Structures are given as structure tokens and as C-alpha cells.
Amino acid sequence: MYDETADAFRAFQPVTVPDSRLDSPLASEEAALDVGTNNLVACTTTTGQQLLYEGRDLFEEFRETTEQIAHYQSLLDDQRKSSNRIDRLYRKRTNRRDYAQDALVRDLVERLHDESVSTLYVGDIKDVLSTHWSPVVNEKTHNFWAFSRFIDRLESVCEEYGITVEEESEAWTSQECPECGEREETVRHRDSLTCPCGFEGHADLVASESFLRRQNNAVGSMARPVYLKWNNHEWREDHSSPSIAVETTANEEYTDQSTASSGNIAHGDSDD
Ligand SMILES: [Zn+2]
């Protein structure tokens, strides 16, 4: 009995050791995510930190492998069949995505834990898939980033760190001006969100910030965002901090609804 008490007491001690992963967060800070394709994850915390995980190169790689698969498929006599080469390409495509996704989740959750975040808000999947994107984009995004898998991983790693994941509606957050609250007249183009009131910001970061403010009204001012890029092994901070005006022609259709819905998604990508 005495030992049990001692154990319980010792087990409580690590709470005061800042480096222990098993600490429950001391402060109850919160964070919200915006999940996309150009930028896989944008995140804002109540401590004023913003994170942006860049997805362009990963998506490009995924798209190239998809084209290779289609090419080899077209060479088969019976196109309902597969080949070893095709199976290998599918596996390669999935493994690369999963590896990057798992690394992203761990990097993100470790950073949130360092900020003493105890609650993380994510958009519910219906919102994510339906709110602003055309069906064509949805299908591509869905295949590429595999939202359900992402959320599953996120929940399990958050649990490991004592962070609660809550699904909430993020409707409108990607179109709402954080300065004046305008929803109808804002323009989302590529990575930027502009408002007639003069506001201009990074669309995904703004969305995660608006989403967080909706859940928690104690959100202060923001520090400089941290940009993260995948180098095929880990997510590294990119200090060149791409401006929101950076040229993103190849992915324009993923944020610009007017071109996405006109069906010209492959235009400019074709080899012929
Ligand atoms: Zn405005």
C-alpha cells in the first residue's frame, strides 16, 4: 500500500519536468487547423503562432506518378487488369504520401505541445470536402491527401501528447475577412485573401485564424508565420518565407473556383 502511494506520487512528478512528452499541458492553450492541398495544413494557436506546411512539391510528385500509372494502364491489352509495374507505382505513391503525412502530424503535434496546446480544432470532413471546392478538386484532394487517414493519425498522435481533437464546422472561415467580417465580397485567389476594406493576407493562415477565433475569443496578435517544407525526410523550416504573391500557376485551379469548375484542370499539364 505504501509503495502504491509512492508510485502514484512519483508518477505525478514528471508534470513539473518541461521536457517530458507525457506532461499534460499546463496551460490550456488552443489551436485550429485549416487543411488544403497547396498548403497541406495551416495552423494558428492562441499563443499567436502560425504554421504553414507547404504541399506543392508533394502534390506534383503524386500527380506525376498518377500520370505514369495512367500511361502503363493504357498500354495493357485488358485495361481492367493491372501489372506488377502498375502495382509498384501505386505502392510508391501511397508510401510516399503516408510517410510525409505521418511526419507532418508528428512535427505539428510536437510544436503544439511545446506551445502548451490542450485542444485542437479541425474542420469536420464534410466541410473540408464540400464548402469551397469543386467536385473535380475534391476528388483530387481526397485521393492525394487522404483526409480520413490524416485525421486518424492526428487523433492518435494528439492522444499520445494529451491533446484533445475537436471537430467543428469551419464554414465560411476561408472567405471571411478577419478585419471587418465581410464574407461575400472577399476574393480568394491562389494563396491570398483580399477584401474591399483593404485587408490582404495568406488565405489558409487567415482561415485557420478565423476558425480559432470562432472557438476562442482570447486570440491575440500573431507572430511571423513559420513556413515548413518537405525535403523527402523531414519538415524543415523554410526561412525564405514565400510571399503570398508568389507565382503558383500550376496549382491555381486548386484555389480558384472559377477555373477549377470549368474542367481545364489538365490544361497545360498535357505532354502532347
Ligand atoms: Zn475586410
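See the structure above.
Predicted model only: the values in this text are computed from it and were never measured.

Here is what the cut-offs are and how they apply
- Residues numbered from 1 in each chain as written.
- Predicted model: local features only at pLDDT ≥ 70, side-chain atom pairs only at ≥ 80, totals over all residues.
- Heavy atoms only, no water.
- Donors = N, O, S within 2.8 Å, 3.2 Å for Na, K, Ca; no water.
- Tetrahedral: all angles 85-135°; square planar, octahedral: opposite > 155°, others 65-115°.
- Helix = DSSP H or I, 4+ residues; strand = E, 2+ residues; numbered from the N terminus.
- Buried < 20%, exposed > 50% of the residue type's maximum accessible area, 1.4 Å probe, protein only.
- Pairing = 2+ DSSP bridges.
- Axes fitted to C-alpha atoms, helices over the stretch in contact; angles between N-to-C directions.
- Parallel < 35°, antiparallel > 145°, perpendicular 65-115°, else oblique.
- Contact = heavy atoms within 4.5 Å.
- Nonpolar A, V, L, I, M, F, W, Y, C, P; charged D, E, K, R; others polar.
- Polar contact = N/O pair within 3.5 Å; in protein donor to acceptor, adjacent residues only side chain to side chain.
- Salt bridge = Lys/Arg side-chain N within 4 Å of Asp/Glu carboxyl O.

Draft legend 1. Inspection of the coordination of the zinc ion at higher detail. Surrounding the zinc ion are the protein donor atoms Cys177 (SG), Cys180 (SG), Cys195 (SG) and Cys197 (SG), which sit 2.2 to 2.3 Å from the metal. The site at the zinc ion holds 4 donor atoms, and with the angles between them running 104 to 116°, its shape is tetrahedral. Written as a sequence motif, the donor residues of the zinc ion are C-x2-C-x14-C-x1-C. Taken together, the residues span a long stretch of sequence, with Cys177 in the loop between β5 (164-168) and β6 (187-189) and Cys197 in the loop between β7 (192-194) and β8 (200-202) at a distance of 20 residues. Using a relative accessible area of 2% as the deciding quantity, one classes Cys177 as buried. Cys197 gets classed as partly exposed once you look at its relative accessible area, which sits at 44%.

Draft legend 2. Main features of the pairing of strand β1 (residues 29-35). Buried residues dominate β1, accounting for 6 of its 7 residues. Two elements, β1 and strand β4 (residues 117-123), share 4 bridges in a ladder whose sense is parallel. Considered in β4, the bridge of Ala31 is made with Leu120. Pairing analysis gives 5 bridges linking β1 to strand β2 (residues 39-45), with the strands arranged antiparallel. Counterpart to Ala32 in the pairing with β2 is Thr44.

Draft legend 3. Quick look at the packing of helix α2 (residues 56-75) against helix α3 (residues 84-114). Their axes nearest at 9 Å, the elements α2 and α3 cross at an angle of 170°. The angle between α2 and α3 places the two elements in the roughly antiparallel class. Residues Leu58, Glu61, Phe62, Thr65, Thr66, Gln68, Ile69, Tyr72 and Gln73 of α2 lie in contact with α3, whose contacting residues are Arg85, Ile86, Leu89, Tyr90, Lys92, Arg93, Arg96, Arg97 and Ala100. Counted by class, the contact of α2 with α3 contains 8 nonpolar, 4 polar and 6 charged residues.

Draft legend 4. Here's a closer look at the environment of Glu167. Summarising the element assignment, Glu167 is placed in strand β5. Take Glu167: its relative accessible area is 44%, and that puts it in the partly exposed class. When the C-alpha atoms of Glu167 and Leu120 are compared, they prove to be 8.6 Å apart, with 47 residues separating the residues in sequence.

Draft legend 5. Structural view of the sheet that holds β8. Strand order in the open sheet made by the 3 strands is β6-β7-β8, with antiparallel pairing throughout. Strands at the two margins of the open sheet, each flanked by one partner only, are β6 and β8. On average, each strand axis in the sheet is tilted by 20° relative to the strand beside it, whichever way the strands run. Sheet strands touched by helix α7 (residues 203-215): β6, β7 and β8. Its angle to β8, the strand with the most contacts, is close to 90°.

Draft legend 6. Layout of the pairing of β4. Taken across its 7 residues, β4 has 7 buried, putting it largely inside the fold. Pairing of β4 with β5 involves 5 bridges; the strand directions are parallel. Looking across to β5, one finds that Val122 is bridged to Glu167.

Draft legend 7. Expanded view of the side chain of Ser174. Along the polypeptide, Ser174 turns up in the loop between β5 and β6. Look at Ser174 and you get buried, because its relative accessible area is 4%. A distance of 3.4 Å separates polar atoms of two side chains, one belonging to Ser174 and the other to Arg188.

Draft legend 8. Layout of the side chain of Arg93. Looking at the element boundaries, Arg93 is found in helix α3. Overall, Arg93 belongs to the buried group, its relative accessible area being 17%. Sequence-distant contacts of Arg93, that is, excluding residues within four places in its chain, are made with Phe62, Thr65, Thr66 and Ile69.

Draft legend 9. Local environment of the pattern of salt bridges. Applying the stated criterion across every chain yields a total of 18 salt bridges. A salt bridge links Asp102 to Arg149, with the shortest nitrogen-to-oxygen separation between them at 3.0 Å. With Asp102 in helix α3 and Arg149 in helix α6 (residues 147-160), this residue pair connects regions lying 47 residues apart in the sequence. We note a salt bridge from Glu176 to Arg214, for which the minimum N-O separation is 3.8 Å. A residue pair is termed long-range when its members are at least 10 positions apart, and Glu176 in the loop between β5 and β6 and Arg214 in helix α7 qualify at 38 residues. On the basis of relative accessible area, Glu176 is assigned to the buried category, the value being 16%. Take Arg214: its relative accessible area is 36%, and that puts it in the partly exposed class. Taken together, the shared-partner salt bridges in this structure form one network comprising Arg97, Asp98, Asp102, Arg149 and Arg153.

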